[in-house]
Amino acid sequence: MKLTIHRDDLAAAVTWAARAVPQRPTTPILAGVLITADNDKVTVSGFDYDTSADATTSADVAEPGRALVSGRLLAHVVAALPAKPVEVALTGTELELRCGGAEFALNTLPVEDYPTLPQPPAPLGQVDAAALRTALAQVTPAASPDETLIMLTGVRIDIDEHGLEMAATDRYRIAARRIDWQPTTDSPAVGVVVPAKTLRDVGKHLHDGPVAVGADDALFSLTSGGRRMVTRLLDTEFVKYRNSFALLNAPHLARVDAAPLIEAIKRVTLVADKNTPVRLAFTGEQVEVSAGGGDLGRGNEAVPCTLDGTDEVAVSFMPQFILDGLAGVPGDVATISMLEPHKPVLVTGDDDPTYRYVAMSLRQA
């Protein structure tokens, strides 16, 4: 194998593929990324038996071939090279890299021992990368990090001819978002549960433009601009979350600028002990944000708002739970629907039903 490629193109491909390299590989071979050069293209791939990531980019290929090297080491080396063309050559058991005045020789792993990457499922349709990134940032924080209940570590994705809806929950909050969808098959309807950790990471690095979405009974894939991710599905069973959104008709409806409320919550919780709730007391003209009262002190701040009806209402949350909901609101204004002080609340964008976030409120002393 012998080729020439610009450092930036190689770095982008290696960084994408290396995200599928496990932190603690069960076998040494999984620590590697596979480099395949042919037809003036280079593909860099990583795999951990659950998720594969590969990126294809243009290169001047003089001799086709394959090489397997440590993914994390290669990523560090390529990132440190000057922004110039890189000459890559496989010589015996070493992969040589020359860029400017820098030269490296990396030991290779036996390429014949590397597992075969899964074939991606057929694409069902396309979504816009920017919309998908936003939706994943809104939904994935609500997924549970506790792997004792695997179902809750995933994002439920339901696709039909009208759109794509994603939802996640850790039993204390639910986040859901629906985005536009362009089906490319006659029967795109599917419901799958995809690992949230994988979606969270991949979603941040998708190229702008259309993203092809594929799914079958075992796999889910995203493909965009020469980059592809394929991951195994979790169990398709998921909680029946849609009934929780009936709060849209709650008796207490507050509208507040999301950014000032977020900043107020962050400020007042500076003096609160860890795991201390934050209290939001709504009146007709403002919401008073308060926290603390323990060993560190207490904080209070008022933020303008409007509250439908004449009754005042106060609710309490673990700070991060309400912060995640407010941060996901599309637009500037958050609508907060409330039943009673100790009942769940619904956070949405003002007049935007595509984003919904339910958070459990805490009983107040």
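Residues numbered from 1 in each chain as written. Predicted model: local features only at pLDDT ≥ 70, side-chain atom pairs only at ≥ 80, totals over all residues. Heavy atoms only, no water.

## Comments concerning the environment of Asp235
Note the cut-off: Only DSSP runs of H or I reaching four residues or more are called helices, and only runs of E reaching two or more are called strands; each is numbered from the N terminus. Think of a polar contact as two N or O atoms within 3.5 Å of one another; within protein, one of them needs to be a possible hydrogen donor and the other a possible acceptor, and neighboring residues in sequence only count if both atoms come from side chains.
Position of Asp235 among the secondary structure elements: in the loop between β18 (227-232) and β19 (252-257). A polar side-chain atom of Asp235 sits 2.9 Å from the main-chain amide nitrogen of Glu237.

## Remarks on empty space enclosed by the protein
Under the convention used in this document: In this analysis, the protein atoms alone were mapped onto a 1 Å grid. Cavities are point sets where a 1.4 Å probe fits without being able to get out; pockets are open sets with protein on both sides within 12 Å along at least five of seven lines; lining residues have an atom within 4 Å of a point. Grid points are joined across faces, edges and corners, and a volume is the space filled by probe spheres set on the points. Polarity classes work like this: nonpolar for Ala, Val, Leu, Ile, Met, Phe, Trp, Tyr, Cys and Pro, charged for Asp, Glu, Lys and Arg, and polar for all others, with Gly in that last group.
Counted under the stated rule, the structure contains one cavity of 30 Å³ or more. Empty space within the largest cavity amounts to approximately 50 Å³. Lining the largest cavity, in full, are Leu132, Leu136, Ile157, Leu164, Met166, Leu199, Val213, Phe220 and Leu222. Among the elements of the structure, α3 (129-139), β12 (164-169) and β17 (219-224) are those that each provide at least two residues to the lining of the largest cavity. Class assignment of the residues belonging to the lining of the largest cavity gives a composition of nine nonpolar, no polar and no charged.

## Looking at the layout of surface pockets
If you add up the space inside the largest pocket, you get close to 830 Å³. Of all the secondary-structure elements, those providing two or more residues to the lining of the largest pocket are α1 (7-18), β4 (51-58), α4 (196-203) and β18. If you tally residues by element for the lining of the largest pocket, the top one is α4, at six residues.

## Quick look at the packing of aromatic side chains
Heads up, the condition is: Ring pairs shown here join Phe, Tyr and Trp side chains whose ring centres sit within 6.5 Å, with only the six-membered ring taken for Trp; geometry is labelled stacked below 30 degrees between planes, edge-to-face above 60, and tilted in between. For the exposure calls, accessible area comes from a 1.4 Å probe over protein chains only, and a residue counts as buried if that area is under 20% of its type's maximum, exposed if over 50%, partly exposed in between.
Summed over the entire model, instances satisfying the criterion amount to four aromatic pairs. Ring geometry for Tyr241 versus Phe245: centroids 6.0 Å apart, planes at 70°, classification edge-to-face. The residues Tyr241 and Phe245 share a single accessibility class, namely buried. Through a chain of ring-to-ring contacts, the aromatic side chains of Phe238, Tyr241 and Phe245 assemble into a single cluster.

## Things to note about unusual backbone geometry
Although it is not a glycine, Asn39 adopts a positive phi angle of roughly 55°. Of note, Asn39 is situated in the loop between β2 (32-38) and β3 (41-47). Residue classification places Asn39 among the exposed positions, given a relative accessible area of 64%.

## Description of the pattern of salt bridges
Applied cut-off: Salt bridge, as applied in this entry: a Lys or Arg side-chain nitrogen positioned within 4 Å of an Asp or Glu carboxyl oxygen.
Per the stated rule, a full pass over the model turns up 16 salt bridges. Of the charged contacts, one joins Arg133 and Asp208 as a salt bridge, the two residues approaching to 2.5 Å between their closest N and O atoms. Taken together, the positions of Arg133 in helix α3 and Asp208 in the loop between α4 and β16 (210-215) put the pair 75 residues apart, joining distant regions of the chain. A salt bridge links Glu165 to Arg242; the nearest nitrogen and oxygen atoms lie 2.8 Å apart.

## Points about the sheet that holds strand β23 (residues 306-308)
Counted only if it meets this: Between any two strands, at least two bridges found by DSSP are needed for them to pair. Interaxial angles span 0 to 180 degrees and are taken between N-to-C directions of axes, which are lines fitted to C-alpha atoms, for helices over the stretch in contact. Note on definitions: a residue-residue contact is assigned when non-hydrogen atoms from the two residues lie within 4.5 Å.
Judged by pairing direction, the sheet is antiparallel, and its nine strands sit side by side in the order β15-β11-β12-β13-β27-β26-β25-β19-β23 without closing on themselves. The two strands at the open ends of the sheet, each matched to only one other strand, are β15 (190-195) and β23. Looking at each pair of strands side by side, their axes are set apart by 20° on average, direction ignored. Here β12 runs beside strand β13 (residues 173-179); their pairing, made up of six bridges, is antiparallel. Paired with Glu165 across the two strands is Arg178, which belongs to β13. Lying over the sheet, α4 contacts β11 (154-159) and β15, oriented at roughly 85° with respect to β15.

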